[in-house]
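These are the residues of each chain, in order.
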Amino acid sequence: MTAQTKLYEGKAKIIYPTDNPEILLAVFKDDATAFNAQKRGSIQNKGTVNNIISSKIFQQLEARGVKTHFIESPAPNQMRIKAVKILPLEVVVRNIAAGSLCQQTGLPLGTVLKMPLVEFYYKNDQLGDPLLTRDRILLMELATPEQVDSIIHLALQINEFLKEFFQGCGITLVDFKLEFGLDSQQQLLLADEISPDTCRLWDVSAGDDPNRRVLDKDRFRRDLGNVEDAYQEVLRRVLEAVEKG
Ligand code: TMP
Ligand code: ASP
């Protein structure tokens, strides 16, 4: 495997082809970016931590009937995945107000939402990933009405599992981002990753302390320090929870 064989390089992963056109290899990087790559850095062992956490979560979801792109993890920072065409949508599910929801609505940080909020953002760096409406998705033909409905249903199902799973780790799931893709049969699969890069995770034992509780990429985004420790702590708790069953 050489640099020349790269199929695609994103901010957090490099995708390589394999001998089988239906299968790709995702290599998770330690590189970290925020604010549409205006802030750049590196988080030691992030590639390994995010791959292991994502792989474990995808396996748990598969066991509950959610179809994902995960096949296996051949190395600590690598995932063999089913080849999919990624829909250019970032699907965000929120349980508690944080981040752009607070900035755009004025809701105070930490407001518990009466019901989960599912949002769509246009995966387009040039446009700064703007918030979409269902009608805009259909207008731009980013997905079909049936796909939008399935995505909302799956996102809520995934949220129910993840909330409970992280609760068992002593972690409150504030919000997270999902991506979906279509395989060669046009089947909708959960893709990308589920990790401290793509979730907001608050340590229950830290109470309301707005900085100490953060166990996710907000430590990097907001220069809170101890970024690596937070990622390692999430990994430790996830592995413990998976082992306990
Ligand atoms: P937001 O509050 O900044 O819109 O982020 C919502 C969730 O989505 C949060 O868990 C972080 C995650 N996220 C990503 O995974 N990638 C991104 O590019 C952004 C902006 C957010
Ligand atoms: N995807 C964002 C970036 O462009 C990172 C983030 O805020 O999660 O750098």
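Keep in mind it's a predicted model, so treat the numbers as computed, not measured.

The next point concerns the layout of surface pockets. Here the second largest pocket defines a volume of roughly 220 Å³. In terms of lining, the second largest pocket is formed by Gln60, Arg64, Glu160, Phe161, Glu164, Phe165, Gly168, Ala241, Val242, Lys244 and Gly245. Looking at the lining of the second largest pocket, the elements that each hand over two or more residues are α4 (145–167) and α6 (227–244). When residues of the lining of the second largest pocket are assigned to their parent elements, the largest contribution, 4 residues, is made by α4. A breakdown of the residues in the lining of the second largest pocket according to their chemical character gives 4 nonpolar, 3 polar and 4 charged.

Next up on the list: the environment of valine 238. Among the structural elements, valine 238 can be located in helix α6. Among the residues examined, valine 238 registers a relative accessible area of 0% and is labelled buried. Taking C-alpha positions, valine 238 is 8.5 Å from phenylalanine 165, a pair spaced 73 residues apart along the chain.

Another aspect to go through is the nonpolar core. The biggest cluster of nonpolar side chains holds 57 residues, and the ones touching the most others in it are Ile158, Phe166, Phe180 and Ile194. No other element matches α4, which puts 9 residues into this core. Those residues in contact with phenylalanine 180, other than ones at most four positions away along the chain, are Lys85, Ile86, Leu87, Val91, Ile151, Leu154, Ile158, Leu188, Leu189, Leu190 and Ala191.

Moving on: the packing of aromatic side chains. Enumeration over the complete set of coordinates arrives at 2 aromatic pairs. In this structure, arginine 213 is placed above the aromatic ring of tryptophan 202, and the distance from its NZ or CZ to the ring centre is 3.6 Å.

Before going further, it helps to spend a moment on α6. Taking 1.5 Å as the rise per residue, α6 with 18 residues should run 26 Å; its terminal C-alpha atoms sit 26 Å apart, in good agreement. By the burial criterion, the buried members of α6 are Val227, Ala230, Tyr231, Val234, Leu235, Arg237, Val238 and Ala241. Downstream of α6 by a residue or two, glycine 245 has a phi angle that is positive, lying close to 75 degrees.

In the vicinity of ligand 1 lie 14 residues, with Arg94, Ser100, Asp175, Lys177 and Arg200 positioned nearest. At 2.6 Å, a side-chain N or O of serine 100 approaches an oxygen atom of ligand 1. Between aspartate 175 and ligand 1, the recorded distance is 2.5 Å, taken from a side-chain N or O atom to an oxygen atom. Calculation on ligand 1 without its partners gives an accessible area of 450 Å², and the protein chains cover 77% of this total. Mapped onto the shell around ligand 1, the elements with two or more residues apiece are β9 (89–96), α2 (99–105), β12 (171–182) and β14 (199–203).

About the criteria used
- Residues numbered from 1 in each chain as written.
- Chains lettered and ligands numbered in written order.
- Predicted model: local features only at pLDDT ≥ 70, side-chain atom pairs only at ≥ 80, totals over all residues.
- Heavy atoms only, no water.
- 1 Å grid on protein atoms, 1.4 Å probe; cavity = no way out; pocket = protein on both sides within 12 Å on 5 of 7 lines; lining within 4 Å.
- Points joined across faces, edges and corners; volume = space filled by probe spheres on them.
- Helix = DSSP H or I, 4+ residues; strand = E, 2+ residues; numbered from the N terminus.
- Nonpolar A, V, L, I, M, F, W, Y, C, P; charged D, E, K, R; others polar.
- Buried < 20%, exposed > 50% of the residue type's maximum accessible area, 1.4 Å probe, protein only.
- Core = buried A, V, L, I, M, F, W, Y, C linked by side-chain atoms within 4.5 Å.
- Contact = heavy atoms within 4.5 Å.
- Phe/Tyr/Trp six-rings, centres within 6.5 Å; stacked < 30°, edge-to-face > 60°.
- Lys NZ or Arg CZ within 6 Å of the ring centre and 35° of its normal.
- Expected span 1.5 Å × (residues − 1).
- Near = heavy atom within 4 Å.
- Polar contact = N/O pair within 3.5 Å; in protein donor to acceptor, adjacent residues only side chain to side chain.
- Areas by Shrake-Rupley, 256 points an atom, 1.4 Å probe, with all protein chains shown as cover.

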